[in-house]
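# Structural overview for review
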There are 2 protein chains.
Amino acid sequence: MTNNLMDRRQAVLGQNVPTFYENPVHLTKGEGVWAWDINGQKYLDCYNNVPHVGHCHPHVVAAISAQAATLNTHTRYLHEGVIEYAERLTAKFHTDLDQLIMVCSGSEANDIALRMAQAVTGKTGIIATDNTYHGNTMAVSQLSSRKPPIGGYAANIRHVPAPDTLRPVGGTTEGQAQAFAHKIQNAIDDLEVSGHGFSGLLFCPTFANEGLPDLPADFMKPAAKVVRSAGGILISDEVQPGFGRTGDNWWGYEWLGLSPDVVTLGKPMANGHPVAAVVAKASVMSEFRNAFSYFNTFGGNPVSCAAASATLDVIEQDGLITNSKLVGCDFLERLQAIKHDGIANVRGRGLFIALELETDGVANEALAANVVEYARNNGMLMGRTGRNRNILKLRPPMPFSVQNAREATNILTAAFKKF
Amino acid sequence: MTNNLMDRRQAVLGQNVPTFYENPVHLTKGEGVWAWDINGQKYLDCYNNVPHVGHCHPHVVAAISAQAATLNTHTRYLHEGVIEYAERLTAKFHTDLDQLIMVCSGSEANDIALRMAQAVTGKTGIIATDNTYHGNTMAVSQLSSRKPPIGGYAANIRHVPAPDTLRPVGGTTEGQAQAFAHKIQNAIDDLEVSGHGFSGLLFCPTFANEGLPDLPADFMKPAAKVVRSAGGILISDEVQPGFGRTGDNWWGYEWLGLSPDVVTLGKPMANGHPVAAVVAKASVMSEFRNAFSYFNTFGGNPVSCAAASATLDVIEQDGLITNSKLVGCDFLERLQAIKHDGIANVRGRGLFIALELETDGVANEALAANVVEYARNNGMLMGRTGRNRNILKLRPPMPFSVQNAREATNILTAAFKKF
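Conventions adopted
Counting restarts for each chain: residues are numbered from 1 in the order of the written sequence. Following the order in which they are written, the chains are lettered starting with A and the ligands numbered starting with 1. In keeping with the predicted nature of the model, local features appear solely for residues at pLDDT of at least 70, side-chain atom pairs appear and are counted solely at 80 or more, and the whole-chain, interface and lining totals rest on all residues. Secondary structure counts use DSSP, requiring at least four H or I residues in a row for a helix and at least two E residues in a row for a strand, with both numbered from the N terminus. Our radius of gyration looks at C-alpha atoms and nothing else; its globule reference is 2.2 Å times the residue count to the power 0.38. Here exposure depends only on C-beta density: within 10 Å of a residue's C-beta, 20 or more other C-beta atoms make it buried, 12 or fewer make it exposed, and intermediate numbers make it partly exposed, the C-beta atoms being placed from the backbone. By the convention adopted here, residues make contact when the C-beta atoms placed from their backbones lie within 7 Å. The domain limits used here are those given by an automatic or database domain assignment. Residues are sorted three ways: Asp, Glu, Lys and Arg are charged, Ala, Val, Leu, Ile, Met, Phe, Trp, Tyr, Cys and Pro are nonpolar, and all the rest, Gly among them, are polar. A strand pair is defined by DSSP finding two or more bridges across the two strands. The span expected for a helix works out to 1.5 Å for each residue beyond the first. When the copies are superposed, the least-squares fit takes in the C-alpha atoms of residues with a pLDDT of at least 70 in both.

## Focus: the overall build of chain A
Helices and strands together make up the secondary structure of chain A, namely 13 helices and 16 strands. Rg of the C-alpha trace for chain A: 21 Å, near the compact-globule value of 22 Å for 419 residues, within the 12% margin. For chain A, the C-alpha atoms occupy an extent of roughly 60 × 55 × 45 Å along the three principal directions. A burial count over chain A gives 59% of its 419 residues as buried. Counting only contacts in chain A whose residues sit at least 6 apart along the sequence, the fraction spanning at least 24 positions is 73%.

## Focus: the domain arrangement of chain A
Residue and element names in this part refer to chain A. Partitioning chain A into domains gives domain 1 (44-53 + 319-418) and domain 2 (58-317). On a C-alpha basis, the centres of domain 1 and domain 2 stand 25 Å from each other. In this complex, domain 1 contributes 25 residues to the contact, which on the side of domain 2 involves 25 residues. Those elements that place two or more of their residues in the side of domain 1 that touches domain 2 are helix H11 (320-336), strand S11 (343-348) and strand S12 (353-359). Here the side of domain 1 that touches domain 2 takes five residues from H11, the largest share from any one element. Across the side of domain 1 that touches domain 2, the residue classes tally to eleven nonpolar, nine polar and five charged.

## As for the interface of chain A and chain B
Each partner contributes to the interface: chain A provides 80 residues, whereas chain B provides 80 residues. Counting residues per element, the ones that place at least two in the side of chain A that touches chain B are helix H1 (2-13), strand S1 (27-31), helix H2 (58-68), helix H3 (80-90), strand S4 (99-103), helix H4 (106-121), helix H5 (138-141) and helix H9 (282-291) of chain A. Across the side of chain A that touches chain B, the residue classes break down as 35 nonpolar, 32 polar and 13 charged.

## Digging into the sheet that holds strand S2 (residues 34-37) of chain A
Residues and elements named next belong to chain A. One open sheet holds the four strands; their spatial order is S1-S2-S3-S14, and the pairing between them is mixed. The strands lining the two open edges of the sheet, one partner per strand, are S1 and strand S14 (380-381). Judged from the two bridges that link them, strand S3 (residues 42-45) and S14 form a sheet pairing that is parallel. Paired with Leu 44 across the bridge in S14 is Met 380.

## Describing unusual backbone geometry
Peptide bonds are trans in most cases, and residues, glycine excluded, mostly fall at negative phi. Residue and element names in this part refer to chain A. A positive phi angle, near 60°, is found at Asn 131, a position not held by glycine. Looking at the secondary structure, you find Asn 131 in the loop between strand S5 (125-129) and H5. Among the residues examined, Asn 131 registers 19 C-beta atoms within 10 Å and is labelled partly exposed. For Phe 243, which is not a glycine, the phi torsion comes out positive at approximately 60°.

## Examining helix H11 (residues 320-336) of chain B
Residues and elements named next belong to chain B. Between the first and last C-alpha of H11 there are 23 Å, a value that for 17 residues agrees with the 24 Å anticipated at 1.5 Å per step. Taken together, the buried positions of H11 are occupied by Leu 320, Ile 321, Asn 323, Ser 324, Val 327, Gly 328, Phe 331, Leu 332 and Leu 335. Tucked into the core, H11 has its buried residues touching helix H10 (302-317), strand S11 (343-348), strand S12 (353-359) and helix H13 (402-418).

## Some remarks on the relation of the copies chain A and chain B
Each of the two copies of the chain can be brought onto the other by a rotation about an axis and a shift along it. Mapping chain A onto chain B is achieved by rotating through 180° and translating by 0.0 Å along the same axis, at an RMSD of 0.0 Å. Look at the turn and shift together and you get a two-fold axis relating the two. Every residue of chain A has its C-alpha some distance from the rotation axis, and the shortest such distance is that of Ser65(A), at 2.6 Å. A high fraction, 100%, of the interface residues of chain A reappear at the interface in chain B, so the copies pair face to face through one surface.

Have a look at this one:
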């Protein structure tokens, strides 16, 4: 059945469309932190951040079903849905981040954010960290340095080395924040000389795709100062850390003590319904709206807003941010107690945890792959990240419990015993 | 209530976010071809093509509700949903258009299509018609010539004059196809000289945003020949004409006798659920997949596929393409019978009809605006298009009936009597 489905998939989706795992998982059902495959095998989901409040949460499903049966149009007509949601969401941000554009994907959100930087500054240069990922549009995918695009990278993009736990920028942990800011200053100078000028820095406040490095809370202060001094704007990509994932706050930028001009949101926003957004200062929004005629057919439709609003309900009513903090601490301690020569560092904030694997000071990608496959074959979904794919990534739905943390730790302990 | 909502909207969405109509419509309910506002006023919907099989169609709502309650993940796991839908959808295309990428918006689809052209040719130059609209990403919005982007238009874009009913390219109706092809050849030559090279032509087969010109079925043959001779690919943007809108076929390119390399789909695909797609030849898909690492978190998720599949069910089971043809012919005849000095041309195919308004040979935007406002105030939703905003656009949900055509014609007749 699965083999047959793989053949059919290759025929209609293409020859080089990856699946997770050597033996792909054929899922059929999800509930809370659990998913089931076609054979009835149950998996503890430690990977998926999109079903943020749990797979198929009944409150979100009910909201989608009710609104889909009532009305689904666009924002050129008036509707309470988008306005009530916008009021409710922007209330969770710094007071000056008070306006919203709703779109369908984090990629669309970051694609807008880049143009906001351009509209505010009249310049086009953008700086991002290397080995990052902010989305899949032609413009945003230019920020990923993994594969050069046809025709080469756009001339207005500069990459700076991302912060790192084991190999800090500048060589020392203490000097990393200043060294990172210095790299940004160099990139700004280079953009100014090139004629593109500097419009802004786009960053993930947890540097999630680069391995979730362990950073002090004041890490971004020197970088932010450099960006501001050069007249650029700060864009915080909260697609991964947002909506309480890190357990401390609603947004990753808060923990860093920053006040970004633009924040982008995505994956967890409506528990899997295709919803994303840009939150910005009114002055930024106004510049963007004046410079670009932007309209998104599906963005902010009543069903999407109902799904997003119901997701907020559950986060609040079930205290999921506190849960993320408490269970995340417990989970981190359990994982830090696993003994294996290949575990170089275990770190995390809330329900977002990374285990960096090395052998003799060299990234051990094979060990990471073995552990991920072992987990899959023993009822647990997880992934890996980092530029060497040697960092195990644990990022479960937010209702994850201490009991779940214990179950996951048992599977990982067994995996590390085996390899 | 409405005024208060407008103030709240401005506060959270921004100061310059347009609504339709001088007196915006505050919708609360939709069913079939009808929508209702907050005061209980009923509107015959002659505008919205997104609720393709009718507002809130119960079969689509049921499919969304059932799948949302069962599982919603992404395409890195195996799931029948995306595969069954891809098989079913690609079967409706020319046999060599046999592979699919699912995304969230027509903008994302066209953004991919541009990169497919680049991947196949190794070049970056793109040609589009002027005054068009293919979407809102940074790359795709460059194809719109309405407002220059910050930093100016990308150097790899060329615009050619769109075909026109009353003011044909080249000056004569008979010579328009050749003149249009000649403009494309000039643009290709210019791109080759510039060093960008020519990768493809992106076009809407009904040129919907430029006023739905009345063209012969062989209109695109010379243009296609020029594109092919230069090694470029043909991208048919079916976001508006697709899924049987024109009443003749599933896709607009079929009526033109073309065999595009890439087709993009959007708005009507899942009756309002945020779903879009790119259908391409396997060879094109393979080049794209090799050149770019593309993944879309929400694209092809089980709920989106269920919504899209249910939409196909209704189109087929209710014979909506035939309905579009029959009711479209009837509606067109009724509209052509309206007498007014300002009506210069009435044309259309299926349930996609344009009334071009002129006075003394000059576009009459004011008359078009008056008619649209009159309709709104008398229970009918419609829009206008064209580079001078003087072309009335009628594009109702597909279950539109002869009785609905009669009702709409009565309202328009009264409007044209008044102005």
